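# Understanding the architecture of this molecule
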Amino acid sequence: MPSTLAALNQWVDEVARLTQPARIHWCDGTQAEYAALGAQMLERGELHALNPHTHPRCTLHRSHPGDVARVEHLTYICTRERADAGPNNPWMAPAEAHAKMDALFAGCMRGRTLYVVPYCMGPIDSPLARCGVEITDSAYVVANMYLMTRMGAPALARIEREGHFVKGLHSTGELDPERRFIMHFPEELAIKSYGSGYGGNALLGKKCHALRIASWQARQEGWLAEHMLIVGIQNPQGQTHYIAAAFPSACGKTNLAMLVPPADMRRAGWKVWTVGDDICWMAPGKDGRLWAINPEAGFFGVAPGTSTRTNPNALAMLDHDTIFTNVAVTADGQPWWEGLDARVPALDWQGRPFDPARGPAAHPNSRFTVSARQCPSFSPHAEDAQGVPISAIVFGGRRESLLPLVFEARDWAHGVMLGAAMGSETTAAASGAVGVLRRDPMAMKPFCGYNFADYFAHWLSFDRPGLQLPKIFHVNWFRKGSDGKFLWPGFGDNLRVLAWMLARCEGGAAAVDTPIGRMPHAHDLDTAGLRLPAAALEALLHVDPTGWQREMAALGDYFGEFGARLPARLESERRRVLEALEAASAQPARVANDRGSAIKKNVKLRNPRAVVTRAPQ
Ligand code: GTP
Ligand code: SPV
Ligand code: MN
């Protein structure tokens with residue numbers, strides 16, 4: 001008997017009878033096992049060696065050209081009641097979904113190895129951590145799970161102790177998009193994924209378990225499973241505050257999590273500590289604060305755009321022991337992607353001689369998989385069993401217009417409304433058109449395992465006596481000027497915005513009340529070390545009441561999709577903001593501009609009755 005847990009042995013037996021593998025391998029998670037798997041994949045051509053001098057033990061995987069991203073239209077939530085999955089998810093009845101998947105899985109592992117991968121999401125000794133077992137026929141998936149989770153014997157021991165686990169069954173199948181489904185059965189704590197070997201479709205511990213299934217469990221059990229980075233910001237006084245931030249896929253979580261302070265702030269003593277870059281599980285602690293863990297043990301990060309300028313910490317961890325997927329290669333065998341440097345690669349992501357006429361050399365959703373321990377800014381508290389206390393929650397999207405650089409919610413309910421209102425321009429992280437504005441509440445559109453209306457209600461339910469909730473902010477690093485260029489420098493300079501937020505949390509920074517929320521004056525942001533034209537900063541902090549009224553009206557239509565299930569509180573928050581906007585645009589006024597002089601403005605910039613507020617101590 002491979003495991004002392006009968007339920008686990010039985011499930012593995014059942015799956016083996018269905019899928020008919022040539023052999024079964026129970027993963028122990030040792031380095032020797034990882035090295036042996038890597039050697040086999042190199043031999044079979046599933047991995048390619050990279051330059052061993054510049055990138056020791058780094059490999060390249062080229063996925064099937066039709067299997068390069070998540071497939072949201074093929075990702076289902078299979079609950080007994082359709083309404084429990086909500087209008088935000090494709091739905092299928094569980095019996096129908098099981099039948100469909102079992103037909104695909106029948107005999108699919110003939111001649112192949114069935115790997116049993118016990119894993120733990122979160123520090124192995126953490127009460128917040130949860131375990132699962134993924135069965136897969138992909139060695140590439142096993143290798144990624146080794147880097148991304150706590151995989152192997154210690155996880156198996158915890159599963160045997162606890163007696164339960166999330167069941168994930170995966171096969172790469174034929175990689176035929178017509179025979180590709182990612183099915184979730186939250187009521188059974190089970191996942192079945194067929195026909196893709198890529199990232200979030202295949203590494204079942206990540207989006208499938210740690211977000212879709214976990215969000216369902218979190219609602220039942222009173223915690224939150226979120227698509228958020230976790231970062232520690234140490235101020236010059238030596239205090240560290242932790243921030244959790246939800247940005248949609250490929251919208252800057254990895255970058256913010258690994259931020260390197262700009263030179264002037266570094267000299268002043270600011271430091272940044274990475275806890276996680278994609279997923280955050282948080283629960284109220286005994287002290288009433290929200291405590292968070294990163295359930296992952298590695299990073300599956302976007303390669304394009306990663307450079308010494310944008311993310312030096314990432315670059316420093318990627319020159320050894322990394323698996324690259326769908327990047328380009330230089331003539332001397334080094335990984336390369338757009339935005340890295342001025343070299344011209346020899347081969348594109350499909351292994352063909354690079355020809356710019358065929359598009360980018362690296363796939364826009366090419367990625368690296370690397371252990372978090374290789375990150376120079378990895379927090380010494382990232383593996384603390386109790387997690388880290390969260391001082392602020394940040395929502396943000398990719399919005400070229402309207403959304404200002406930063407604003408603060410007046411309270412929790414307003415913050416939840418801001419999260420629910422999030423919109424973002426789509427990226428290459430999922431199949432389909434890029435750059436299309438869509439609603440992506442809390443960056444969870446592709447990842448919430450149940451009805452968004454219930455999810456918003458769950459978020460609102462934290463507003464209760466005894467909890468000391470974080471402040472909630474909204475940011476937008478992606479606003480563009482009339483020349484089509486980003487107005488804000490972004491990356492390391494985002495710390496200037498985080499510093500204002502933390503000062504707000506400590507009660508030490510001013511803010512102006514506007515109809516949409518509280519905002520810094522231009523001079524409240526430390527932009528001394530920045531060459532940013534005053535007009536750009538003014539534009540970044542500008543609130544356009546007319547545009548915002550349209551935004552809030554559109555939000556009303558969106559909320560309408562959830563019918564009576566939508567919490568009334570959310571709609572009343574939307575109305576309150578809409579009324580404040582209407583009042584502001586009806587009342588032309590003298591508004592203090594950012595340089596202190598008074599100028600006549602018809603609408604714009606600030607609420608005429610702006611008051612400077614200070615957060616309570
Ligand atoms: P997933 O792993 O898909 O969940 O995404 P992520 O949110 O971790 O994305 P990541 O940090 O890798 O962001 C990728 C893209 O955002 C790249 O194109 C970056 O160049 C861009 N980006 C990140 N931060 C900034 C910023 O502050 N300003 C601008 N203009 N672009 C940014
Ligand atoms: C995302 O798309 O949000 C990711 C990458 O983090 S994947 O794991 O492929 O979903
Ligand atoms: Mn993600």
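For the structure itself, consult the block above.
Residues numbered from 1 in each chain as written. Chains lettered and ligands numbered in written order. Predicted model: local features only at pLDDT ≥ 70, side-chain atom pairs only at ≥ 80, totals over all residues. Heavy atoms only, no water.

### Things to note about the site of ligand 1
What counts is decided by this rule: Any residue with a non-hydrogen atom lying within 4 Å of a molecule or strand is treated as near it. In protein, a polar contact means a hydrogen-donor-capable atom and an acceptor-capable atom, both N or O and within 3.5 Å, with residues adjacent in sequence counting only if both atoms are side-chain atoms; elsewhere, any N or O pair within 3.5 Å suffices. In these tables, accessible area is a Shrake-Rupley quantity obtained with a 1.4 Å probe, and a residue counts as shielded only by the protein chains included in the view. Note on conventions: DSSP H or I runs of at least 4 residues are helices, E runs of at least 2 residues are strands, and numbering of each starts at the N terminus. In this count, Pro and Cys sit with the nonpolar residues alongside Ala, Val, Leu, Ile, Met, Phe, Trp and Tyr, while Asp, Glu, Lys and Arg are called charged and the others, Gly among them, polar.
Lining the immediate surroundings of ligand 1 are 19 residues, of which Ala250, Lys253, Thr254, Arg367 and Phe491 lie closest. One nitrogen or oxygen atom from the side chain of asparagine 255 is found 2.9 Å from an oxygen atom belonging to ligand 1. A distance of 2.9 Å separates an oxygen atom of ligand 1 from a polar side-chain atom of asparagine 494. Alone, ligand 1 offers 670 Å² of accessible surface; in the complex the protein occludes 90% of this. Take the shell around ligand 1: its biggest share by element is 3 residues, from helix H9 (residues 253–257). Considered class by class, the residues forming the shell around ligand 1 number 8 nonpolar, 7 polar and 4 charged.

### Thoughts on the nonpolar core
Here is the rule we go by: The set of buried Ala, Val, Leu, Ile, Met, Phe, Trp, Tyr and Cys residues whose side-chain atoms join them within 4.5 Å is what this entry labels a nonpolar core. For the exposure calls, accessible area comes from a 1.4 Å probe over protein chains only, and a residue counts as buried if that area is under 20% of its type's maximum, exposed if over 50%, partly exposed in between. What makes two residues a contact is simply this: any of their non-hydrogen atoms within 4.5 Å.
Counting residues in hydrophobic clusters, the biggest one holds 153 residues, and the most contacted among them are Ile393 and Trp459. When residues of this core are assigned to their parent elements, the largest contribution, 8 residues, is made by helix H5 (residues 139–148). Excluding residues within four positions of it along the chain, isoleucine 393 makes contact with Met228, Ala244, Met282, Leu290, Trp412, Trp459, Pro470, Lys471, Ile472 and Phe473. In this structure, Tyr76, Leu104, Tyr194 and Leu204 belong to the second largest nonpolar core, which totals 40 residues.

### Some points on the packing of aromatic side chains
The criterion, for reference: Any two rings among Phe, Tyr and Trp, with Trp reduced to its six-membered ring, count as a pair given centres within 6.5 Å; such a pair is stacked if its planes are under 30 degrees apart, edge-to-face if over 60, and tilted if neither. Charge-over-ring contacts are defined here by two conditions on Lys NZ or Arg CZ: a distance within 6 Å of the ring centre and an angle within 35 degrees of the ring normal.
Following the criterion strictly, the structure yields 22 aromatic pairs and no others. Three or more aromatic residues link up through ring pairs in this structure, and these residues are Tyr450, Phe452, Tyr455, Phe456, Tyr558, Phe559 and Phe562. Residue placement shows arginine 464 over the ring face of phenylalanine 462; its charged tip is 5.5 Å from the ring centre. Sitting over the ring of phenylalanine 486, lysine 480 keeps its end group 5.3 Å from the ring centre.

### Things to note about the coordination of the manganese ion (ligand 3)
The following threshold applies: Atoms of type N, O and S within 2.8 Å of a metal are treated as its donors, and for Na, K and Ca the window is 3.2 Å; water is not considered, so some sites may appear to be missing partners. Every geometry call rests on angle ranges, with four donors termed tetrahedral when all angles are between 85 and 135 degrees, four termed square planar and six termed octahedral when opposite donors are over 155 degrees apart and all others are between 65 and 115, and everything else termed irregular.
For the manganese ion (ligand 3), the protein coordination sphere consists of Lys207 (NZ), His227 (NE2) and Asp278 (OD), at 2.2 to 2.3 Å. Note that the manganese ion (ligand 3) binds 6 donor atoms; their angles at the metal cover 74 to 176°, and the shape is octahedral. In primary-sequence terms, the residues that donate to the manganese ion (ligand 3) follow K-x19-H-x50-D. Taken together, the residues lysine 207 in helix H8 (residues 205–221) and aspartate 278 in the loop between strand S14 (271–276) and strand S15 (280–284) connect sequence positions 71 residues apart. By relative accessible area, which is 5% here, lysine 207 ends up buried. Accessibility expressed as a relative area gives 8% for aspartate 278, which makes it buried.

### Some thoughts on the site of ligand 2
Close contacts around ligand 2 come from Arg70, Gly199, Gly200, Lys206, Lys207, His227, Ser249, Asp278, Phe300, Arg367, Ala429 and Phe447, and that covers them all. A distance of 3.0 Å separates an oxygen atom of ligand 2 from a polar atom in the side chain of lysine 207. One nitrogen or oxygen atom from the side chain of aspartate 278 is found 3.3 Å from an oxygen atom belonging to ligand 2. Protein coverage of the free-state accessible area of ligand 2, which is 290 Å², stands at 98%.

### With respect to the pattern of salt bridges
Formally: Salt bridge, as used here, is a side-chain nitrogen of Lys or Arg placed within 4 Å of a carboxyl oxygen of Asp or Glu.
Under the criterion given, the structure shown has 35 salt bridges. A salt bridge links glutamate 46 to arginine 44; the shortest N-O distance between them is 2.6 Å. By relative accessible area, which is 46% here, arginine 44 ends up partly exposed. When the shortest N-O distance is used, the salt bridge between arginine 352 and aspartate 348 registers 3.0 Å. Assessed through its relative accessible area of 28%, arginine 352 is described here as partly exposed.

### Description of the side chain of glutamate 72
Mapped onto the elements of the fold, glutamate 72 is located in the loop between strand S3 (59–61) and strand S4 (75–77). A polar contact of 2.9 Å, which involves the side chain of glutamate 72, links it to the side chain of arginine 70. Once residues within four sequence positions are removed from consideration, glutamate 72 is found in contact with Pro90, Ala430, Arg438 and Pro446.

### Points about the packing of helix H12 (residues 412–420) against helix H17 (residues 568–586)
Convention followed: Lines are fitted to the C-alpha atoms to define the axes, a helix being fitted only along its stretch in contact, and any angle between axes, read from their N-to-C directions, falls within 0 to 180 degrees. Roughly parallel here means an angle under 35 degrees, roughly antiparallel means over 145, roughly perpendicular means 65 to 115, and every remaining angle is called oblique.
Two elements in contact, H12 and H17, have axes separated by 9 Å at closest approach and are oriented at 90°. Of the possible angle classes, the one that applies to H12 and H17 is roughly perpendicular. Between H12 and H17, the contacting residues are Ala413, His414, Val416, Met417 and Ala420 on the first element and Arg569, Leu570, Glu573, Arg574, Arg576 and Val577 on the second. Taken together, the residues that form the contact of H12 with H17 break down as 6 nonpolar, 1 polar and 4 charged.

### Points about helix H13 (residues 452–460)
In an α-helix, one turn spans 3.6 residues; hence positions three or four apart end up facing the same way. In terms of burial, H13 is a largely internal element, 8 of the 9 residues being buried. Here the buried face of H13 lies against H8, strand S11 (224–226), strand S22 (388–396), H12, helix H16 (545–560) and H17. Measuring from the backbone nitrogen of alanine 453 back to the side-chain oxygen at the start of H13 gives 2.8 Å, which picks out asparagine 451 as the cap.

### With respect to the packing of H16 against H17
For any two helices packed against each other, the geometry is given by the interaxial angle and the distance between the axes. Spelled out, the test is: Two helices crossing with the near one rotated counterclockwise from the far one by less than a right angle form a left-handed crossing, whereas a clockwise rotation gives a right-handed crossing.
Packing of H16 against H17 leaves a shortest axis separation of 9 Å and a crossing angle of 160°. In terms of their interaxial angle, H16 and H17 are classed as roughly antiparallel. Crossing of H16 against H17: the hand is left-handed. Across from Pro545, Trp548, Gln549, Met552, Ala553, Leu555, Gly556 and Phe559 in H16, the residues of H17 making contact are Leu570, Glu571, Arg574, Val577, Leu578, Leu581, Glu582 and Ser585. Per-class residue counts for the contact of H16 with H17 are 10 nonpolar, 3 polar and 3 charged.

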